[in-house]
Amino acid sequence: MTRVPGSLDRWEGRPVEEWARRWGVPHVEAYDELPSTNERLRVLAEAGAAHFTVVTADCQTAGKGRGGKRWDSPRGMGLWISFLVRGDPEVPPTLVPILVGLAATRALERLCPSLRPGIKWPNDIEVEGRKLGGILCEGAGPGAVVVGVGLNLHQGIEDFDPGLKGRAASMEMAGCRGVSRSKVAGELLSAARSLVDPPPPLLDERLRQEVRDRDILTGRVVRTEVGVVGRAIGIAADGALLVEVEGRVQEIRAGGVMAVDSGGSARMEYGKHRRARTE
């Protein structure tokens, strides 16, 4: 692909083409600043970009999360990256976010073995009850998914907006210091390639167990965006959240959920996630 105006020749001290070779991906675009890496990658996808084309930016001015919520993407503080997944159009849309969440937790654990990241359905990565990262998957034509990942790396608590200070975390806050963006990107893309190159039609039992080990909602009472309240009992083979409501299991495939306390009030902080490591 031809380099476009505004893209960088070098990222993290190396030529951008070298990162593509190191990561085993067909094309990388790196920017000092973009409104959104997902939006840039969508343009590339619509122009026929190859599977696992990557776009990253040092900061985003209009980064977004699920439901159009703003995603804070300050310069130098995190990894803001998108990659393109092409696969069977029949793959359930709930599946790719779960697989990428699993890839992100694998990558973080490899970089920092003491870290215990968990997956909060449908698209968050949490550490000890605080949000460390998010995933935004958006369709870009039949069988094409733009996958955006934002991971907080270097923030201290003072770097977050007041409304996020009780809910947000970074790798450094979790005790993992000195991890570069390039190392995180390399581990993330390697883990993602092992899981969504191409995406499987369903989670097999091994993957379901690995997701189960990281699922921070199982056993908790949750409320969905449409008002359904029940106990989360796991994640289905197609990536749907399973919620038991008055003895019946409902499969939630859209929207978000909140854990609720015994009094029924919504809360965004979760207890420390404990699980046995999956080797």
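Keep in mind it's a predicted model, so treat the numbers as computed, not measured.

## Some words on the sheet that holds strand β4 (residues 54–60)
One open sheet accounts for seven strands, arranged β3-β4-β5-β9-β8-β7-β6; its pairing is mixed. A single partner strand is all that each edge strand has here, and the edge strands are β3 (28–34) and β6 (118–120). For this sheet, the mean inter-axis angle between neighbouring strands, taken without regard to orientation, is 20 degrees. Relative to strand β9 (residues 144–152), strand β5 (residues 78–86) is paired through nine bridges, and the arrangement is antiparallel. Residue pairing in the sheet places Arg 86 in a bridge with Ala 144 of β9. Contacting β3, β4, β5, β8 (130–139) and β9, helix α2 (residues 37–46) crosses the sheet at an angle of about 25 degrees to β5.

## A look at the state of the cysteines
The full count for this structure, using the stated rule, is one disulfide. Two residues, Cys 112 and Cys 176, share a disulfide whose sulfurs are 1.9 Å apart. What sets the handedness of the Cys 112 and Cys 176 disulfide is the S-S torsion sign, and at about -75 degrees it is left-handed. Of this pair, Cys 112 sits in the loop between α3 (95–111) and β6 while Cys 176 sits in the loop between β9 and α4 (181–196), placing them 64 residues apart in sequence. Here Cys 112 matches Cys 176 in class, with each residue buried.

## Considerations on α3
Relative to the 24 Å expected for 17 residues at 1.5 Å per residue, α3 spans 25 Å between its end C-alpha atoms, a close match to the ideal helical length. Counting buried positions over the 17 residues of α3 gives 15, a clear majority of the element.

## What to know about the side chain of Thr 224
As for its position among the elements, Thr 224 is in strand β10 (residues 221–224). Sequence-distant contacts of Thr 224, defined by excluding residues within four places in its chain, comprise Ile 252, Gly 256 and Val 257.

## Quick word on the packing of aromatic side chains
Evaluation of the coordinates by the stated rule reveals four aromatic pairs. Centroid distance Trp 11 to Trp 19: 5.8 Å. Interplanar angle 80 degrees. Geometry classified as edge-to-face. Like Trp 11, the residue Trp 19 is buried in the burial classification. With 5.1 Å between their ring centres and 15 degrees between their planes, Phe 52 and Phe 83 make a pair best called stacked. Of this pair, Phe 52 sits in the loop between α2 and β4 while Phe 83 sits in strand β5; the two residues are 31 residues apart in sequence, bridging distant segments of the chain. Residue class for Phe 52 comes out buried when judged on its relative accessible area of 0%. Following the ring pairs from residue to residue traces out a cluster consisting of Trp 11, Trp 19 and Trp 23. A cation over an aromatic ring shows up here: Arg 14 above the ring of Trp 19, its NZ or CZ 5.9 Å from the ring centre.

Rules of the game
- Residues numbered from 1 in each chain as written.
- Predicted model: local features only at pLDDT ≥ 70, side-chain atom pairs only at ≥ 80, totals over all residues.
- Heavy atoms only, no water.
- Pairing = 2+ DSSP bridges.
- Helix = DSSP H or I, 4+ residues; strand = E, 2+ residues; numbered from the N terminus.
- Axes fitted to C-alpha atoms, helices over the stretch in contact; angles between N-to-C directions.
- Contact = heavy atoms within 4.5 Å.
- Disulfide = S-S within 2.5 Å.
- Buried < 20%, exposed > 50% of the residue type's maximum accessible area, 1.4 Å probe, protein only.
- Expected span 1.5 Å × (residues − 1).
- Phe/Tyr/Trp six-rings, centres within 6.5 Å; stacked < 30°, edge-to-face > 60°.
- Lys NZ or Arg CZ within 6 Å of the ring centre and 35° of its normal.

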